[in-house]
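Below are the chains, spelled out letter by letter.
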Amino acid sequence: MLVRPQLVVNAQSASDRGLVRPSNEDVLVHRVPADDMQRLQSGELWVLTDGIGSGEAPREAATLAANSLANHYWRSSIPTATDRLRTAFTEANLEVYNRYESERDQGSPIGATALAALIHQGRLMIAHAGRSRAYLLRNGTLQQLTQDHTWVADRVRRGELDPSAEASHPRRNVITRCLGIRDQLVADIVAVDMLASDTILICSDGLHRQVPAEEITATLAGGGDTARALVERSNAYGGRDNTTVVVLHVSEQRSEHATTQDRLALLYRSSLELGGTLDIAETMAHVTRLFQEATRCDRTALYLLDAEGNLSVGATRGFDIDSSPSTSSAVIHRALTERRPIIYADAQQTSGFDPSASIVNMSLRTIVCLPLLTRDVPIGLLYADSL
């Protein structure tokens, strides 16, 4: 359907250096689309990075990584969001890697963990490398969407260590995947279809390494400024690390009418799908499906008109298989003759409409007929109707 419930995301964020660290090495970048078309093409992006190393360099590396990731994604012409995110991680990794080459050669590697959260056309996409996490709170259950990239977590997943090792093992803080340490990086990517009433949590390790999951769940469900409340809970447990939190509350906004974004979404999806094929039959089937989606009718058909004025069926949706569609010949003839769209919102109640002109019209209500013209010459038409 063209008119769909709109998912609305209300974002909260908070960041704090904690009670022990002298500075905050977490960096959060948020990119907001300028208009509806950019929202459809690029979505809304949050990038959270956490510096690795000693001295002032980790904060600088985190800033470079966050801005590089956001810029590469936002400026990319790659059509699919997933590929755009993956490429952004590759390019940002190289920038950080090249920037801190001398420190690495001297045995003091500098880098940054990174997590990018993208809200795009009703989906949440997470790309990450490191130990920051993304969670989904749905129906009261908190689900971890990401996997930590640490020496211990890697071995726990392989069954070589018990999960309890993550709390006390001497190598629990060794990061195995991040930006800037190696010249190649592959980010983990996970995607989730969002639902109304979902809550999404993005956080640096300063939160999840200190605050128990059950307290995180209760705080997210408690309402108010949950991002700030989670940071305060982290500090209440000692504040041993920087803590950065983004909380995204998803709700639903319904409309009886198609919005500008609805129509742009249909056109945008059409351009991507039509651009993916050169097959004529597949293209006609796709156009017929889009016409049905736009008109919200039960049945649609695409006809082609030859040089002798004969119509042939190119594609149909909703009609009986292996039979010619029983459409309104009277409306089709009128649309081709007058070379303009013919629309009956309720054919049975429209004055001047003669249902006896075609037997099928005795039971039809909505009829939409759109002639396809080239230089004002009909080459076919799109037809839709509903009972």
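As shown above, the structure is provided for reference.
In short, a report on the structure. Position numbers for residues count from 1 along each chain, tracking the sequence in the order it is written. Given that the model is predicted, a residue must reach a pLDDT of at least 70 before its local features are reported, and side-chain atom pairs must reach 80 or more before they are shown or counted; all residues, however, enter totals for whole chains, interfaces and linings. Values shown for side chains rest on all heavy atoms present in the structure; no hydrogens or waters enter the calculation.

## Observations regarding the nonpolar core
In a soluble, globular protein the nonpolar side chains are often hidden away together inside.
Point 1. Joining through side-chain atoms within 4.5 Å is the link that ties buried Ala, Val, Leu, Ile, Met, Phe, Trp, Tyr and Cys residues into a set, and such a set is a nonpolar core. Accessibility here uses a 1.4 Å probe with only protein chains present; expressed as a share of the type maximum, an area under 20% marks a residue as buried, one over 50% as exposed, and anything in between as partly exposed. Grouped together as the largest cluster of nonpolar side chains are 31 residues, with contacts concentrated most on Leu45, Val47, Leu69, Tyr73, Leu85, Phe89 and Leu179.
Point 2. Secondary structure elements are taken from DSSP: a helix is a run of H or I of four residues or more, a strand is a run of E of two residues or more, and numbering for both begins at the N terminus. If you list the elements that add at least two residues to this core, you get strand S2 (26-31), strand S3 (44-52), helix H2 (57-75), helix H3 (81-99), strand S4 (111-120) and strand S5 (123-129).
Point 3. If you tally residues by element for this core, the top one is H2, at 9 residues.
Point 4. Contacts between residues were defined by any pair of non-hydrogen atoms, one from each residue, lying within 4.5 Å. Once residues within four sequence positions are removed from consideration, Leu69 is found in contact with Val47, Ala88, Phe89, Ala92, Ala114 and Leu179.
Point 5. Residues Trp46, Ile200, Val246 and Val250 belong to the second largest nonpolar core, which totals 17 residues.

## Some thoughts on helix H9 (residues 226-236)
Since one α-helical turn is 3.6 residues long, residues separated by three or four positions face the same way.
Point 1. Along H9, the positions that sit buried rather than exposed are Thr226, Ala227, Leu230, Val231, Ser234 and Asn235.
Point 2. Those residues of H9 that are buried are in contact with strand S1 (6-16), strand S9 (199-203), helix H7 (205-208), helix H8 (213-221) and strand S10 (243-253).
Point 3. One or two residues past the end of H9 sits Gly238, with phi positive at roughly 120°.

## Quick word on unusual backbone geometry
Point 1. Within the chain, Gln121 stands out as a residue other than glycine whose phi angle is a positive 50°.
Point 2. Mapped onto the secondary structure, Gln121 falls in the loop between S4 and S5.
Point 3. With a phi angle near 55°, Asn139 is a residue other than glycine that sits in the positive phi range.

## Examining the pairing of strand S12 (residues 311-317)
Point 1. Only strands that DSSP links by at least two bridges are regarded as paired with each other. Where strand S11 (residues 299-305) meets S12, 6 bridges bridge the pair, whose relative direction is antiparallel. Directly across from Leu302, in S12, lies its bridge partner Ala315.

## Overview of the sheet that holds S2
Point 1. Read across the sheet, 5 strands follow the order S2-S3-S4-S5-S8 without closing on themselves; strand pairing throughout is antiparallel. The sheet is open, and its two edges are formed by S2 and strand S8 (188-193), each paired on a single side. On average, adjacent strands in this sheet sit at an angle of 15° to one another, irrespective of strand direction.
Point 2. Here S5 pairs with S8 via 6 bridges, running antiparallel. Each bridged residue has a counterpart across the sheet, and for Met125 the counterpart in S8 is Ala191.
Point 3. For helices, the fitted axis covers only the stretch in contact; all axes are lines through C-alpha atoms, and the angles between them, taken along N-to-C directions, range from 0 to 180 degrees. Where H2 meets the sheet, it contacts S2, S3 and S4, and its direction lies at approximately 155° from that of S3.

## Some thoughts on the packing of aromatic side chains
Point 1. Centres within 6.5 Å are what make two rings of Phe, Tyr or Trp a pair, Trp counting through its six-membered ring; a difference in plane orientation under 30 degrees is then read as stacked, over 60 as edge-to-face, and the rest as tilted. For the structure on display, the rule yields 1 aromatic pair.
Point 2. When the ring of Tyr73 is compared with that of Trp74, the centres are 6.2 Å apart and the planes differ by 50°; the resulting orientation is tilted. The same class applies to Tyr73 as to Trp74, namely buried.
Point 3. Should the NZ of a Lys or the CZ of an Arg lie within 6 Å of a ring centre and within 35 degrees of the ring normal, that charge is described as sitting over the ring. Positioned above the aromatic ring of Tyr100 is the side chain of Arg99, whose terminal nitrogen or guanidinium carbon lies 4.6 Å from the ring centre.
Point 4. A cation over a ring is seen here: Arg104 above Tyr97, with NZ or CZ 3.6 Å from the ring centre.

Any link to function would need more than the numbers given here.
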